[in-house]
Amino acid sequence: MTVKVGGELFDRTRRALRAHAVAEEMNFYRPLMGHEMTVEKSRHSVSEHKEIDDLIEQLEATDPSSSGWLATAQKLQHLVTHHLDEEEHEVFQVAGKALSDNDKHQLATSYRQEMERQLDAMA
């Protein structure tokens, strides 16, 4: 299957990654930056969101039939996988210690709501 910029798969992936980054930064990383034990990991994760967004912009500006597009798509896949692994195995572990159960519930609820708002706005 070929993926072209503007194609359905690329558009869904692009929207999902951007919506996720906005919702997560507002409703997870911003609150975590107020805790000494999570500020460094939060800043790192936000910087990875920026790197992911930069790669998406590169893909949008590159001819999908070029080898450069595929190389950039592979970098994006690697970075997204790395980011998710770090979140799952490091960030969430430390956040679990820094946040109360009530905070976790509230942040999860606000994250889901913002994610829906972002996806609706991009539709």
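About the criteria used
- Residues numbered from 1 in each chain as written.
- Predicted model: local features only at pLDDT ≥ 70, side-chain atom pairs only at ≥ 80, totals over all residues.
- Heavy atoms only, no water.
- Core = buried A, V, L, I, M, F, W, Y, C linked by side-chain atoms within 4.5 Å.
- Buried < 20%, exposed > 50% of the residue type's maximum accessible area, 1.4 Å probe, protein only.
- Helix = DSSP H or I, 4+ residues; strand = E, 2+ residues; numbered from the N terminus.
- Contact = heavy atoms within 4.5 Å.
- 1 Å grid on protein atoms, 1.4 Å probe; cavity = no way out; pocket = protein on both sides within 12 Å on 5 of 7 lines; lining within 4 Å.
- Points joined across faces, edges and corners; volume = space filled by probe spheres on them.
- Nonpolar A, V, L, I, M, F, W, Y, C, P; charged D, E, K, R; others polar.
- Phe/Tyr/Trp six-rings, centres within 6.5 Å; stacked < 30°, edge-to-face > 60°.
- Salt bridge = Lys/Arg side-chain N within 4 Å of Asp/Glu carboxyl O.
- Axes fitted to C-alpha atoms, helices over the stretch in contact; angles between N-to-C directions.
- Parallel < 35°, antiparallel > 145°, perpendicular 65-115°, else oblique.
- Left-handed = near helix turned anticlockwise from the far one by under 90°.

J.: Quick question: what am I supposed to make of the nonpolar core here?
T.: Buried together is how nonpolar side chains tend to be arranged in soluble globular proteins. Counting residues in each nonpolar core, the largest one holds 11 residues, listed as Phe10, Leu17, Ile52, Leu55, Ile56, Leu59, Trp69, Ala73, Leu76, Leu79 and Val80. Residue assignment for this core shows that the elements contributing at least two residues are α1 (8-32), α2 (39-61) and α3 (67-98). Considering every element that reaches this core, the biggest residue donor is α3, with five residues. Excluding its chain neighbours within four sequence positions, the residues that come into contact with Ile52 are Leu17, Leu76, Leu79, Val80 and His83. One finds Phe28, Leu32, Val91 and Leu107 within the second-largest nonpolar core, a separate group that totals seven residues.

J.: How should the side chain of His20 be read in this particular structure?
T.: Within the element layout of this structure, His20 appears in helix α1. Look past the residues within four positions of His20 in its chain and what remains in contact with it is His49, His83, Glu87, Tyr111 and Met115.

J.: It is not clear to me how the layout of surface pockets should be interpreted in this structure. Could you clarify?
T.: Put simply, the largest pocket is a space of about 260 Å³. If you go around the largest pocket, you meet 13 residues; those closest to its centre are Thr13, Trp69, Ala73, Leu76 and Gln77. Examining the composition of the lining of the largest pocket, we find that seven residues originate from one element, α3, more than from any other. Looking at side-chain class alone, the lining of the largest pocket contains 10 nonpolar, three polar and no charged residues.

J.: Would you explain the packing of aromatic side chains in this entry?
T.: Each aromatic ring pair is characterised by the separation of its centres together with the angle its planes make. Counted according to the given criterion, the structure contains three aromatic pairs. An angle of 55° between the planes, with centres 6.1 Å apart, marks the rings of Phe10 and Trp69 as tilted. Pair noted here: Phe10 is in helix α1 and Trp69 is in helix α3, with a separation of 59 residues, a long-range link. Each member of the pair Phe10 and Trp69 is classed as buried. A connected cluster of aromatic rings, assembled from ring pairs, spans Phe28, Tyr29 and Phe92.

J.: Even after reading the chapter, I still don't get the pattern of salt bridges, so can you show me in this structure?
T.: Think of it this way: side chains of opposite charge can pair up when their charged atoms draw near. Considering all chains together, one arrives at nine salt bridges under this definition. The salt bridge involving Glu8 is made with Arg12; its shortest N-O contact spans 3.1 Å. Residue Glu8 and its partner Arg12 are located together in helix α1, separated by four residues, close to a single helical turn. The exposed category is assigned to Glu8, whose relative accessible area is 58%. The shortest N-O distance in the salt bridge between Glu60 and Arg18 comes to 3.4 Å. Here Arg18 lies in helix α1 and Glu60 lies in helix α2, a separation of 42 residues in the sequence.

J.: Mind showing me how you'd approach the packing of α1 against helix α4 (residues 101-122) here?
T.: Relative orientation and spacing of two packed helices are given, respectively, by the angle between their axes and the distance between those axes. Two numbers describe how α1 lies on α4: the axes approach to 8 Å, and their chain directions differ by 150°. Taken together, the axes of α1 and α4 lie roughly antiparallel to each other. Here the hand of the crossing between α1 and α4 comes out right-handed. Residues Arg15, Ala16, Arg18, Ala19, His20, Val22, Ala23, Glu24, Met26, Asn27 and Pro31 of α1 touch α4, and the partners they reach there are Leu107, Ser110, Tyr111, Glu114, Met115, Gln118, Leu119 and Met122. For the contact of α1 with α4, the residue count by class is 11 nonpolar, four polar and four charged.

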